[in-house]
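Remarks on the overall topology
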Amino acid sequence: MENEAIAVTVDSLGAELVSVVDKATGAEMIWEGRKDVWPRHAPILFPYCGKLRNGQYTLDGQTYTGGQHGFGRDVEHSFQGTEGNAMRFVLRANEATLAKFPRDFALESTFTLEGRTLCQTITVTNTGDRELRFGFGFHPGFTLPFDETHVTEDYEFRFDAPQTPVVIETDPSVGLVTGNTRVLMTDSAAIPMDDRMFDHDSICMSRLTAKTLSVVEKDTGRRIDVDLEGFPYTLIWSAVGNPQLHFVCIEPWHSLPDTVTASGDWNEKPCAAALAPGEVWRTCLKMTFQR
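For the largest pocket, the calculated volume is near 520 Å³. Looking at the largest pocket, it is lined by 29 residues, and the ones nearest its centre are Thr 170, Asp 201, Ser 202, Leu 235 and Trp 237. When residues in the lining of the largest pocket are grouped by element, the largest group, four residues, is from strand β14 (residues 166–171). A class-by-class count of the residues in the lining of the largest pocket yields 14 nonpolar, nine polar and six charged. Volume-wise, the second largest pocket comes out at about 240 Å³. Along the wall of the second largest pocket there are 19 residues; nearest its centre are Pro 257, Asp 258, Thr 259, Lys 269 and Pro 270.

Now for the side chain of Arg 133. Following the sequence through the fold, Arg 133 ends up in strand β10 (residues 132–134). Lacking a salt bridge, the buried Arg 133 has Glu 131 as its closest oppositely charged neighbour, with an N-O distance of 4.3 Å. Within polar-contact distance, the side chain of Arg 133 engages the backbone oxygen of Lys 269 at 2.6 Å. Apart from the residues lying within four places of it in its own chain, the contact partners of Arg 133 are Phe 101, Trp 266, Asn 267, Glu 268, Lys 269, Pro 270, Cys 271, Ala 273 and Ala 274.

Another point: empty space enclosed by the protein. Across all of its chains, the model carries one cavity of 30 Å³ or more by this definition. The space that makes up the largest cavity amounts to roughly 40 Å³. Considering the residues around the largest cavity, the lining is formed by Pro 47, Tyr 48, Arg 133, Phe 134, Gly 135, Ser 255, Trp 266, Lys 269, Pro 270 and Cys 271. Within the lining of the largest cavity, the residues separate by chemical class into six nonpolar, two polar and two charged.

We now examine the pattern of salt bridges. It is possible for side chains of opposite charge to pair when their charged atoms get near one another. What the rule picks out here adds up to 15 salt bridges. When the shortest N-O distance is used, the salt bridge between Arg 40 and Asp 74 registers 3.0 Å. In this pair, Arg 40 is assigned in the loop between β2 (16–22) and β3 (44–45) and Asp 74 in the loop between β5 (62–65) and β6 (78–83), connecting sequence segments 34 residues apart. Look at Asp 74 and you get partly exposed, because its relative accessible area is 40%. Between Arg 158 and Glu 156 there is a salt bridge, and its shortest N-O distance comes to 2.7 Å. Residue classification places Arg 158 among the partly exposed residues on the basis of a relative accessible area of 27%.

Before going further, it helps to spend a moment on the pairing of strand β15 (residues 176–183). Pairing of β14 with β15, which is carried by five bridges, proceeds in the antiparallel orientation. When the bridges of β15 are listed, Val 166 appears paired with Val 183. Linkage of β14 to β15, two consecutive antiparallel strands, is achieved through a turn of four residues, within which Gly 175 is found at a positive phi near 70°.

Turning our attention to the nonpolar core. Leu 17, Leu 118, Phe 157, Val 215, Ile 236 and Phe 289 are the most contacted members of the largest nonpolar core, which totals 67 residues. Considering each element in turn, this core owes the most residues, four residues, to strand β23 (residues 280–290). In terms of nonpolar packing, the next biggest core, distinct from the first, is built from eight residues, Val 177, Cys 204, Leu 235 and Trp 253 among them.

Moving on, we come to unusual backbone geometry. A cis amide bond, omega 5°, links Phe 46 with the succeeding residue Pro 47. Here Pro 47 shows up in the loop between β3 and β4 (56–59). Between Leu 144 and the following residue, Pro 145, the backbone shows a cis peptide bond with an omega angle of -10°. Among the secondary structure elements, Pro 145 is positioned in the loop between β12 (141–143) and β13 (155–163). Positive phi is not limited to glycine here, since Ala 15 has a value of about 45°. Owing to a relative accessible area of 0%, Ala 15 belongs among the buried residues under this scheme. A positive phi angle, close to 85°, is found at Asp 201, a residue other than glycine. Residue placement: Asp 201 occurs in the loop between β16 (188–192) and β17 (203–206). On the basis of relative accessible area, Asp 201 is assigned to the partly exposed category, the value being 31%.

Conventions adopted
Residues numbered from 1 in each chain as written. Predicted model: local features only at pLDDT ≥ 70, side-chain atom pairs only at ≥ 80, totals over all residues. Heavy atoms only, no water. 1 Å grid on protein atoms, 1.4 Å probe; cavity = no way out; pocket = protein on both sides within 12 Å on 5 of 7 lines; lining within 4 Å. Points joined across faces, edges and corners; volume = space filled by probe spheres on them. Helix = DSSP H or I, 4+ residues; strand = E, 2+ residues; numbered from the N terminus. Nonpolar A, V, L, I, M, F, W, Y, C, P; charged D, E, K, R; others polar. Buried < 20%, exposed > 50% of the residue type's maximum accessible area, 1.4 Å probe, protein only. Lys, Arg positive; Asp, Glu negative; His and termini not counted. Salt bridge = Lys/Arg side-chain N within 4 Å of Asp/Glu carboxyl O. Polar contact = N/O pair within 3.5 Å; in protein donor to acceptor, adjacent residues only side chain to side chain. Contact = heavy atoms within 4.5 Å. Pairing = 2+ DSSP bridges. Core = buried A, V, L, I, M, F, W, Y, C linked by side-chain atoms within 4.5 Å.

That's the geometry; what it means functionally is another story.
What follows is the structure in structure tokens.
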């Protein structure tokens, strides 16, 4: 899918955004997914974000195992076609998903292109006859640096207004929420970047009031803006910079990993939504590529 400014490619595996190319310069703005660094591009996280305590949960008296971030990113989504400036995919519960998650659902991904802004809309419908509880998050990775003349320190994360983010701490050895918090910074709009900033894993921010968080090239003003409105949590992350960062992620989430003391009962797990039969939930990730 493309317009006069950018060309977009989405893979049916995971309905994953894999490429956004600036047509004027040929620059690729989505991380290429190198297997020796991080083999993904911009996965969706469903039906939970992060890790499960002990890698499992219990629902309807049965215990299910699951890896990090659920299964939505790892299975084929049915391509429904491209029409005008939009393309659509859908994942419906099937034999394979029911073996991991015993609920009926339809998860629809719609990508819409307007100028230099790409909207990724997720619609989840409860197609079953029991409550559908689930978590959800976005995880787009952006190529860094933007060109060969810049290094990591030439960039910063920048909010559209000064913030005092409260970081929700996780135990990096197990990836679970500890219950501890800390203030990342006070009344500031910028988070400086360096190659070691993610040596202890991601930074999960809460209590944000900003409308956007951007990756900004400080000397030129080139940027990628990610809308945050409606998301209770926003993470920033990259694979450990060895010797340098190759990409950065801005991850708006609607739910969190398990806590270190989680019971494992799915019905006690905080969720993005709990839908009655027939109910629908929707969220949208909006990214503007100002390069």
